[in-house]
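An overview of the molecular structure
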Amino acid sequence: MLAKLQLWTRANPLMALALAAVCGILAAEMGWLPAHATWLLMLTTALPGAALVSGRSWLLIPGAALVFAFIHTVRTDETFRHPLRLALQEQSQPLQALIRGSLLPEYDNTTDGRAHALCTTQKIEVPAAGLALEQPATLLVRLPKDVRFPGAGVYELRGTLYLPRTASNPGTFDAQEYSLRMGRVARLDISHMRRVGGSSEGWYCAFLETAEDCRQWISRQLTQDLEEDPQTVAVLRAMALGVSAEADDEIEDAFRNSGTLHVFAVSGLHVGLLGFIVLTVLRQTGTPRSVSLWVAVLVVFAYAFVTGWRPSAARAAFMVAIYLSATLLDRESSLQNSLGAAALLLLAADSHQLFMPGFQLSFGVLWLSAVGSAPLLKRLLPFTRLDPFLPPQLASWRQRAWSRCRLWLATTLSVSFAAWIGSLPFILGHFQSITPVAVIANCVLVPLSSLCLGATCLGLCAAALHLTGAQILFNNVNWALAKAMVASAVWFAGLPGANFHFQPRTFSTNAPAEWRVLELPFGGAANHLRIGGTHWLFDTGDDESFRRVLRPYLHASGVDTVAGVFLSHNDAGHIGGAAQVVATFGAPVLFCSSQEPGRHDSSRSTLRRLLESSPPPSLRKLQVDEPVMLSEAPALKVEARMLYPPAQVQNDRADDRTMALMVRLGPWRVLWLSDAGWRAEKALCASAADLRCDVLIRSQHELDLSTSAEFLLRTQPQLILCGSDPRTVETALPAPLVQQAKEQNIPLLDTWSSGSIDLQFHQDALHVLASRSGKRWVLKPR
């Protein structure tokens, strides 16, 4: 085994050094090496030097590990341990700041309609925190409304400085960590800016603006004569330019669930295919080989820049360039060594790239494809050959063509299977999902993607030559291929067992029941209750919250089907995602009060549109005191009973007819109020219902100051959980509630400060965990 390893290291020295670099970065990230140890710096320089002087090449491997550990330590000091970030972490709200620094345009952050830029600071002053820094930092800045990027230069900026919110819902995107991995320490919303000097980066700014102009030109040419089908146009833009924000979410889901999302957006696949197309065309025109290789390298780098220099495109451009450079230098190309060299260059430039899913998938998939596809193909080759008893010269053209088709299919299957195996650990680790159908789906969608990219190139060439007729022809061919890709992705994603999700052990618990109150912005709400292996939802949040929070959270929790959804009231912020839950999680039964939808609710309101959909969902309207059995398991019987609104309540305001549920989980009682306000509380206090509860879960009524002292005396909760968002007055945590909870010595947790809140129900204890603050409570049954 050791001998084989030594042979592999000699054959693939750059890949061996890249693996050593990965080990060094991981050691620095995990804190296994002292961050500022003098001996680390000494060894970082001593080991490579000793290897070069003594000729003992094996010393380069630990040397590479220490060099990249040192690089990552420095990079972490510039981001995660930057003094500005540490100071902002201690603040509970954004701070006003005066910043001097240079600006460069940032074109990938315009979803809110405002222009963005990257600022490299020279001086930062934050008077409220007593902070004055001259240590450089990179900030993502948002320009004032209707202000375009003013050009490169040094500016004095005034505005609000803050950190992106960390993710508190399991499985969801962590904006703060992503920003830091991208090298951006904080964000700044500019209120006033003034140019104070020129910048040496003017040429780079002009280059970026030219690339953006080219990108816009390509976007316009791709869509000529296709304006009547905006959905397919959005797919074409996503595949050619990486502009996926315009694409329909259902289409993106189909590519994701079929394991072919890499063909939906600009990736290494597109860059590699473009290089292959350029080489093929130049070879057919008789262009010298060396010239063809140089042109291919230039084209893939130009494409990577035009598409916004995304990390996936940049990685692929470096891989292609390094792989082809071996031929330019009259050396034999080695895919493993090329991958190793590209990894070393990229990690030396930015060691944080190692922790990006795209980097891991790109290199992991390509490496496993290079190593694993050949043995698989060797096993399949006997099925691709002609009849061994038939001399090849006597085979008919049909037999030879069929043999070539079988060889192509065997090659495609072996590469697809090896790539799927290579991506499996990363997909499981990051997305907790498996898509077995991807092995077959890629055999169909990757060739279609190649044809689509070829049609795109021909259409753009025709546009550049002002051959409008040919351009429209190629655009329509491209449109047909995109439609075929979408239809294929939808079909593969709909196959039984096409994809499923697993719950990682880090999320699992042995509690018979678990309730999680998710953190949603701007007054939205969604709660998940797991009872054994059965899952229930209490509100879903709006469409955006479903895509960004609820769906990723449920998938990360291993949820593929939901038994039922309780809809508190006809409010898009609470039930706007219900239609997508029905479509994605096995058509669960919906529960709402008998008063929904309201008499005067708009025909475009969430619940009315849901009921008018085809086919309509399974809906059960509840009456007061009507029970719903959620679980009859001996470990913990669970029942929900509606307490409000009664039949006589006919409120036009949705918040005034919000459903109030008492959920009994064995010895525990949870009162779920959602947006119930003063009217609902008064009606409940006047009723004969037993309102005593252990946990009270509430959100904010849009007008009322709910949860009065009288109501707290009737409910007697041991714990209050409250959804809140201080960015708007209507959704902020009410000060009277805070004071009353303090006076009655009731713990009050709000999702803005505490993050998502996890309740683990046992027969003898209720464990409460706040994800953001990390605090824990243990309640005992009364």
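In what follows, the accompanying structure is described. Since this is a predicted model, take the numbers as computed values, not measurements.

1. Looking at the overall build of the protein
- Helix and strand counts for the protein come out as 25 helices and 24 strands.
- Relative to its length of 782 residues, the protein is compact, with a C-alpha radius of gyration of 30 Å against a globular reference of 28 Å.
- C-alpha atoms of the protein, sized along the principal axes, occupy 90 × 70 × 60 Å.
- Out of the 782 residues in the protein, the part that is buried amounts to 49%.
- Summarising the internal contacts of the protein: among those between residues at least 6 apart in sequence, 69% fall at separations of at least 24.
- For the protein, the accessible area works out to roughly 37,100 Å², and carbon and sulfur atoms hold 60% of it.
- When the 66 basic and 63 acidic side-chain charges of the protein are each reduced to a single mean position, those positions are 7 Å apart.

2. Notes on the packing of helix α15 (residues 397–431) against helix α16 (residues 438–464)
- Between α15 and α16, the least distance of the axes is 9 Å, while the angle of their chain directions is 120°. Between α15 and α16, the crossing angle belongs to the class labelled oblique. The two elements α15 and α16 cross, and the hand of that crossing is right-handed. The segment α15 lies against α16, with Trp408, Thr412, Leu413, Ser416, Phe417 and Trp420 engaging Ala438, Val439, Ile440, Asn442, Cys443 and Pro447.

3. Observations concerning the sheet that holds strand β9 (residues 513–517)
- The strand order across the open sheet built from nine strands is β14-β13-β12-β11-β10-β9-β22-β23-β24, with neighbouring strands paired in mixed fashion. In this open sheet, the two edge strands, each paired with only one partner strand, are β14 (619–622) and β24 (776–779). Between one strand axis and the next, the sheet turns through 20° on average, direction left out of account.
- Pairing analysis gives five bridges linking strand β22 (residues 757–761) to strand β23 (residues 766–770), with the strands arranged antiparallel.

4. Some words on the packing of aromatic side chains
- Counted according to the given criterion, the structure contains 13 aromatic pairs.
- For the pair Phe546 and Phe585, a centre-to-centre distance of 6.4 Å together with 80° between the ring planes defines the contact as edge-to-face. Of this pair, Phe546 sits in helix α18 (residues 543–556) while Phe585 sits in the loop between α20 (578–584) and β13 (589–593); the two residues are 39 residues apart in sequence, bridging distant segments of the chain. For the residue pair Phe546 and Phe585, the accessibility class agrees, reading buried in each case.
- With centroids separated by 4.7 Å and ring planes inclined at 20°, the aromatic side chains of Phe566 and Phe591 adopt a geometry described as stacked. With a gap of 25 residues between them, Phe566 in strand β12 (residues 564–566) and Phe591 in strand β13 connect regions that are remote in the sequence. In this pair, the class of Phe566 matches that of Phe591, namely buried.
- Taken together through their ring pairs, the aromatic side chains of Trp515, Trp536, Phe538, Phe566, Phe591 and Trp672 make up a single cluster.
- We note Arg165 situated over the ring of Trp752; from NZ or CZ to the ring centre the distance is 3.6 Å.
- The ring of Phe355 carries the charged tip of Arg181 above its face, separated from the ring centre by 4.2 Å.

5. Topic: the pairing of β13
- Extensive coverage of β13 is indicated by the burial of four of its five residues.
- Note: β12 against β13, three bridges, orientation parallel. Directly across from Val565, in β13, lies its bridge partner Leu590.
- When β13 meets β14, the two strands line up parallel, connected through four bridges. Within the sheet, the bridge partner assigned to Phe591 lies in β14 and is Arg620.
- After leaving β13, the chain enters helix α21 (residues 606–611) and then returns to the sheet as β14, a path that is right-handed.

6. So, the sheet that holds strand β16 (residues 638–644)
- Read across the open sheet, the seven strands follow the order β15-β16-β17-β18-β19-β20-β21; overall the sheet is mixed. Since the sheet does not close on itself, it has two edges, and those belong to β15 (627–631) and β21 (748–750), each with one partner. Taken over all neighbouring pairs, the strand axes of this sheet differ in orientation by 20° on average, direction set aside.
- As paired strands, strand β19 (residues 695–698) and strand β20 (residues 719–722) are joined by four bridges and run parallel to one another. Residue Arg698 lies in a different strand from β20, and its bridge partner there is Cys722.
- Taken strand by strand, helix α22 (residues 678–686) contacts β16, β17 (660–665) and β18 (668–674), and its axis lies near 105° from that of β16.

7. Digging into helix α9 (residues 249–257)
- For α9, every residue scored as buried is listed here: Ile251, Glu252, Asp253, Ala254 and Phe255.
- Turning to α9, the residues buried within the fold contact α8 (230–241), α16, α17 (468–493) and α18.
- Phi turns positive one or two residues past the end of α9, at Gly259, with a value near 75°.

8. What to know about the environment of Gly541
- Residue position: Gly541 is located in the loop between β11 (534–540) and α18.
- Residues Gly541 and Ala513 lie 28 residues apart in sequence; the distance between their C-alpha atoms is 22 Å.

9. Description of the nonpolar core
- In terms of nonpolar packing, the biggest core is built from 34 residues, with Trp515, Phe566 and Leu630 touching the most fellow members.
- When neighbours within four sequence positions are excluded, Trp515 is seen to be in contact with Asn527, His528, Leu529, Phe538, Val663, Val670, Trp672, Ile697, Ile757, Asp758, Leu759 and Phe761.
- Grouped together as the second largest cluster of nonpolar side chains are 30 residues, Val141, Leu143, Ala152 and Cys205 included.

10. A short note on the pattern of salt bridges
- One pass over the structure, following the stated rule, counts 28 salt bridges.
- Where Arg692 meets Asp690, a salt bridge forms, and the shortest distance between an N and an O atom there is 3.0 Å.
- Judged by its relative accessible area of 45%, Arg692 falls in the partly exposed class.
- Via salt bridges that share partners, Glu252, Asp253, Arg256 and Arg551 belong to a single interconnected network.

Rules of the game
Residues numbered from 1 in each chain as written. Predicted model: local features only at pLDDT ≥ 70, side-chain atom pairs only at ≥ 80, totals over all residues. Heavy atoms only, no water. Helix = DSSP H or I, 4+ residues; strand = E, 2+ residues; numbered from the N terminus. Rg over C-alpha atoms; globule rule 2.2 N^0.38 Å. Buried < 20%, exposed > 50% of the residue type's maximum accessible area, 1.4 Å probe, protein only. Contact = heavy atoms within 4.5 Å. Areas by Shrake-Rupley, 256 points an atom, 1.4 Å probe, with all protein chains shown as cover. Lys, Arg positive; Asp, Glu negative; His and termini not counted. Charge placed at Lys NZ, Arg CZ, Asp CG, Glu CD. Axes fitted to C-alpha atoms, helices over the stretch in contact; angles between N-to-C directions. Parallel < 35°, antiparallel > 145°, perpendicular 65-115°, else oblique. Left-handed = near helix turned anticlockwise from the far one by under 90°. Pairing = 2+ DSSP bridges. Phe/Tyr/Trp six-rings, centres within 6.5 Å; stacked < 30°, edge-to-face > 60°. Lys NZ or Arg CZ within 6 Å of the ring centre and 35° of its normal. Right-handed = clockwise from strand over helix to strand, strands pointing away. Core = buried A, V, L, I, M, F, W, Y, C linked by side-chain atoms within 4.5 Å. Salt bridge = Lys/Arg side-chain N within 4 Å of Asp/Glu carboxyl O.

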